[in-house]
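Per-entry structural report
The lines below spell out each chain.
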Amino acid sequence: MSKPLIIGNWKAYVSSLKEAKKLFKDVEKELPRVMDADVVVAPPHPFLYPLKTSYSGKRIAFGAQDAFFEQGAHTGEVTAGMVKDSGARFVIVGHAERRAQGETDLQVAKKVGAVLDAKMTPIVCIGEQSRDREGHYLKELETSIQESLSLVEASSLKKIVLAYEPVWAIGAPLPPPARSIRETIIFIRKTLALRFDRDDALRVRILYGGAVSEEVVEELVSGSGANGFLLGRASIDPKMFADIVRAWNR
Ligand code: PGA
């Protein structure tokens, strides 16, 4: 099994390159010397290249928060090739905050394809808007998984990472109970196993994201069945970020 993966999504939280450099330096300093997890930081696009080029270490890898699927007349878009050249090895695709801007599963699918073509690892975000007792949200998740991965060849599942992020937990005070995350992750693996190789579906890394903090991290590490976390707010608090990484050291 691959190591757990912790990815810090800085969103648009940092206001300047100076602030981004300071945050990166503080994160680097706080991280434990020995880590049992892969650590990725995803700064806003313009800060990727300057951070990457001023960092000579190996402990932290870089990710982009999004990448467009096609070159050409697309004002304002940043393609997979561009973020790769700026230093990204991972790309978050289909984050709920992008989907809320109108990004569809089909667009997510094209982005996943473009990220794979550029030989980077897509972190494909999926998650229900809300929960209902009858379990309709599972159908919503299933459709989103199938459509977001519709262009992924069977042999490529092992090259991707999924992030289960219930939309209602992003930015919330608390995540769902670990047990319920565990059940949903099992459901996601079952959904993947219907379309991909069963062993690959069991092995693919599935992260959890949404309201992860140092208060709940122990419970989530031991009980959620996740293979790491996608962090928002906690990623811009160097001490909390490091504590969350440390929680995977056993
Ligand atoms: P949060 O965000 O950790 O601030 O809840 C998670 C995310 O958006 O991935």
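Scroll up a little and you will see the structure.
Overview of the structure. (Residues numbered from 1 in each chain as written. Predicted model: local features only at pLDDT ≥ 70, side-chain atom pairs only at ≥ 80, totals over all residues. Heavy atoms only, no water.)

Okay, the packing of aromatic side chains next. Counting across every chain of the model gives 6 aromatic pairs. On the basis of an interplanar angle of 55° and a centroid distance of 5.4 Å, the ring pair of Phe229 and Trp248 is categorised as tilted. Here Phe229, found in strand β8 (residues 228-231), pairs with Trp248, found in the segment after α10 (238-246); they are 19 residues apart in sequence, far enough to count as distant. Accessibility classification places Phe229 together with Trp248 in one group, the buried group. One aromatic cluster is present, formed by Phe24, Tyr55 and Phe62 through successive ring pairs. (Phe/Tyr/Trp six-rings, centres within 6.5 Å; stacked < 30°, edge-to-face > 60°. Helix = DSSP H or I, 4+ residues; strand = E, 2+ residues; numbered from the N terminus. Buried < 20%, exposed > 50% of the residue type's maximum accessible area, 1.4 Å probe, protein only.)

Looking now at the pairing of strand β1 (residues 5-9). The element β1 is largely enclosed, with a buried count of 5 among its 5 residues. Burial of the side chains of β1 extends over both faces: Leu5, Ile7 and Asn9 are buried on one face and Ile6 and Gly8 on the other. Where β1 and strand β2 (residues 38-42) come together, 5 bridges link them in parallel fashion. Looking at the pairing, Asn9 lines up with Ala42 of β2. (Pairing = 2+ DSSP bridges.)

Packing of helix α1 (residues 17-30) against α10 brings their axes to within 9 Å, and their N-to-C directions diverge by 40°. For the pair α1 and α10, the sense of crossing is right-handed. Residue-level inspection shows Leu23, Asp26, Val27 and Glu30 of α1 in contact with α10, the latter providing Pro238, Lys239, Phe241, Ala242 and Arg246. (Axes fitted to C-alpha atoms, helices over the stretch in contact; angles between N-to-C directions. Left-handed = near helix turned anticlockwise from the far one by under 90°. Contact = heavy atoms within 4.5 Å.)

With 70 residues, the main nonpolar core has Leu31, Leu149, Leu192, Tyr208 and Phe229 as its most contacted residues. Tallying contributions element by element places helix α7 (residues 178-195) first for this core, with 6 residues. Formed by 13 residues, the second largest nonpolar core is a distinct cluster that contains Ile7, Ala42, Phe90 and Ala163. (Core = buried A, V, L, I, M, F, W, Y, C linked by side-chain atoms within 4.5 Å.)

The pairing of strands in a sheet happens through backbone hydrogen bonds and is either parallel or antiparallel. In space, the 8 strands of this closed barrel follow the order β1-β2-β3-β4-β5-β6-β7-β8, with parallel pairing throughout. The average undirected angle you get between the axes of adjacent strands in this sheet is 25°.

We now examine the site of the ligand. In the neighbourhood of the ligand, the contacting residues comprise Lys11, His95, Glu165, Ile170, Gly171, Gly210, Ala211, Leu230, Gly232 and Arg233. For the ligand, an oxygen atom lies 2.8 Å from a polar atom in the side chain of His95. Gly232 is positioned with one of its backbone polar atoms (N or O) 3.0 Å from an oxygen atom of the ligand. For the ligand, whose free accessible area comes to 280 Å², the fraction covered by protein is 99%. The class makeup of the residues in the shell around the ligand is 3 nonpolar, 4 polar and 3 charged. (Near = heavy atom within 4 Å. Polar contact = N/O pair within 3.5 Å; in protein donor to acceptor, adjacent residues only side chain to side chain. Areas by Shrake-Rupley, 256 points an atom, 1.4 Å probe, with all protein chains shown as cover. Nonpolar A, V, L, I, M, F, W, Y, C, P; charged D, E, K, R; others polar.)

Side chains of Glu30, Glu214, Glu215 and Asp237 sit close together on the surface and give a patch of like negative charge. Along the chain, Glu215 turns up in the loop between β7 (205-209) and α9 (217-223). Classification of Glu215 by relative accessible area gives exposed; the value is 67%. (Patch = residues over 30% accessible without salt bridge, like charges linked within 9 Å, V, L, I, M, F, W, Y side chains within 5 Å. Salt bridge = Lys/Arg side-chain N within 4 Å of Asp/Glu carboxyl O. Lys, Arg positive; Asp, Glu negative; His and termini not counted. Charge placed at Lys NZ, Arg CZ, Asp CG, Glu CD.)

All buried positions along α10 are accounted for by Pro238, Met240, Phe241, Ala242, Ile244 and Val245. Next to the buried residues of α10 lie β1, α1, β2, α9 and β8.

We note that Lys119 has phi near 60°; this positive angle belongs to a residue other than glycine. Following the sequence through the fold, Lys119 ends up in the loop between α5 (105-117) and β5 (121-126). Given the relative accessible area of 69%, Lys119 is considered exposed.

What follows covers helix α2 (residues 45-53). Residues of α2 that are buried: Phe47, Leu48 and Leu51. Taken end-on, α2 shows its buried residues confined to a sector of 120°, consistent with a single buried face. Those residues of α2 that are buried are in contact with α1, β3 (60-64) and α3 (80-85). (Arc of directions from axis to C-beta.)

So, on to the pattern of salt bridges. Under the defined criterion, the tally for this structure stands at 15 salt bridges. Here Glu97 ties to Lys11 by a salt bridge, and the two come within 2.9 Å at their closest N and O atoms. Placement of Glu97 in helix α4 (residues 96-99) and of Lys11 in the loop between β1 and α1 is noted, with a sequence separation of 86 residues between them. The exposure class of Glu97 is partly exposed, given its relative accessible area of 37%. Relative accessible area serves as the criterion here: at 15%, Lys11 is assigned to the buried category. Between Lys139 and Glu142 there is a salt bridge, and its shortest N-O distance comes to 3.9 Å. Of this pair, Lys139 and Glu142 both sit in helix α6 (residues 136-148), separated by 3 residues, roughly a single helical turn. What makes Lys139 exposed here is its relative accessible area of 51%. A single network of salt bridges, built from pairs that share partners, joins Asp66, Arg98, Glu103 and Lys111.

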